[in-house]
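Below are the chains, spelled out letter by letter.
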Amino acid sequence: TLTDVTSEEATKEAVKAVEAKLDADEGIDILIPNAGYSTAIAKGLDIKAEDFLFHWKVNALGNIITFQKFYPLMKKAKTKQVFFTSTISASISGYVPGTISSPYGSAKAALNHLVRDLNGELNNEGFKFVAYHPGFVATETANIVVRKTFPDLGEKSLTEIGAIEVEASVKGIKENIICLLYT
């Protein structure tokens, strides 16, 4: 398990752990870098530089480091698909008024741009890259962000305001994103 995507050493250890389970000529077909972090909930004028930098380090750079370290294993595979977890908060056209998560959204927007670049850069090697929005998912982080952004919600649960459970998100990703590339 990779618990610190900002550490190149930890990422290398995760790669070694996967390699140990494979034959020498085997690779991995699918990689899902899923790093996400969002705690700096403030208006743009109030956000501290260190909060911005840490969000970018985890949400953009951490995901790219993960791919970079797994790249040699992926090159060995026939199907080379990388699914980066993004967010609607990273979309200029999908902006949700009232949200105050600039460090998170902008870092994921940077990740989206990197995904686009990787598609062009590695397309001739057979790689396919996708940045996807997993939906409004009822996670601890989402709960913190929603409560800080919309304090008038009271005791309502995230599912009461439209969030889906983690299991439903995973099922949707498998059925609607990953499986589509195999058909």
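Bear in mind the structure is a predicted one, so any value in this text is a computation, not a measurement.

Conventions we followed
- Residues numbered from 1 in each chain as written.
- Predicted model: local features only at pLDDT ≥ 70, side-chain atom pairs only at ≥ 80, totals over all residues.
- Heavy atoms only, no water.
- Axes fitted to C-alpha atoms, helices over the stretch in contact; angles between N-to-C directions.
- Helix = DSSP H or I, 4+ residues; strand = E, 2+ residues; numbered from the N terminus.
- Parallel < 35°, antiparallel > 145°, perpendicular 65-115°, else oblique.
- Left-handed = near helix turned anticlockwise from the far one by under 90°.
- Contact = heavy atoms within 4.5 Å.
- Pairing = 2+ DSSP bridges.
- Salt bridge = Lys/Arg side-chain N within 4 Å of Asp/Glu carboxyl O.
- Core = buried A, V, L, I, M, F, W, Y, C linked by side-chain atoms within 4.5 Å.
- Buried < 20%, exposed > 50% of the residue type's maximum accessible area, 1.4 Å probe, protein only.

Student: How do you make sense of the packing of helix H2 (residues 49–75) against helix H3 (residues 102–122) when you look at a structure like this?
Tutor: Any two packed helices are characterised by the angle at which their axes cross and by the distance between the axes. As a packed pair, H2 and H3 sit with axes 7 Å apart at the nearest point and diverge in direction by 25 degrees. As judged from the angle between their axes, H2 and H3 are roughly parallel. Read as a crossing pair, H2 and H3 show a hand that is right-handed. Together, Asp 51, Phe 52, His 55, Trp 56, Asn 59, Ala 60, Asn 63, Ile 64, Phe 67 and Tyr 71 of H2 and Ser 102, Pro 103, Tyr 104, Ser 106, Ala 107, Lys 108, Ala 110, Leu 111, Leu 114, Leu 118 and Leu 122 of H3 make up the contact between the two elements.

Student: Help me understand the sheet that holds strand S2 (residues 80–85) in this model?
Tutor: Pairing between the strands of a sheet comes from backbone hydrogen bonds, and it takes one of two forms, parallel or antiparallel. Pairing is parallel across the open sheet formed by 3 strands, whose spatial order is S1-S2-S3. The strands lining the two open edges of the sheet, one partner per strand, are strand S1 (30–31) and strand S3 (127–132). One ladder, built from 6 bridges, connects S2 with S3; its direction is parallel. For Gln 81, the partnering residue across the bridge sits in S3 and is Lys 128. In this fold H2 packs onto S1, S2 and S3, with an angle of close to 165 degrees to the strand it touches most, S2. In the packing of H3 onto the sheet, contacts are made with S2 and S3, and the angle to S3 comes to roughly 165 degrees.

Student: Explanation requested: the pattern of salt bridges in the structure shown.
Tutor: Working definition: two side chains of opposite charge can pair if their charged atoms are close together. Taken as a whole and judged by the stated rule, the model has 3 salt bridges. In this structure, Lys 16 and Glu 13 form a salt bridge, with 3.5 Å as the shortest nitrogen-oxygen distance. Here Lys 16 and its partner Glu 13 are both found in helix H1 (residues 8–19), 3 residues apart, which amounts to about one turn of the helix. In this structure, Glu 175 engages Lys 171 in a salt bridge whose closest nitrogen and oxygen atoms are separated by 3.8 Å. Separated by 4 residues within a single helix, Glu 175 and Lys 171 lie in helix H5 (residues 166–178), roughly one turn from each other.

Student: It is not clear to me how the nonpolar core should be interpreted in this structure. Could you clarify?
Tutor: Looking at soluble globular proteins, one finds that nonpolar side chains tend to be buried together. By size, the foremost hydrophobic cluster in this structure holds 18 residues, and its most contacted members are Phe 67, Val 82, Phe 84, Phe 127 and Phe 129. Those elements that provide at least two residues to this core are H1, H2, S2, H3 and S3. At 6 residues, H2 tops the list of elements feeding residues into this core. Discounting residues that sit within four places of it in the chain, Phe 67 has contacts with Leu 31, Met 74, Val 82, Phe 84, Leu 118, Leu 122, Phe 127 and Phe 129.

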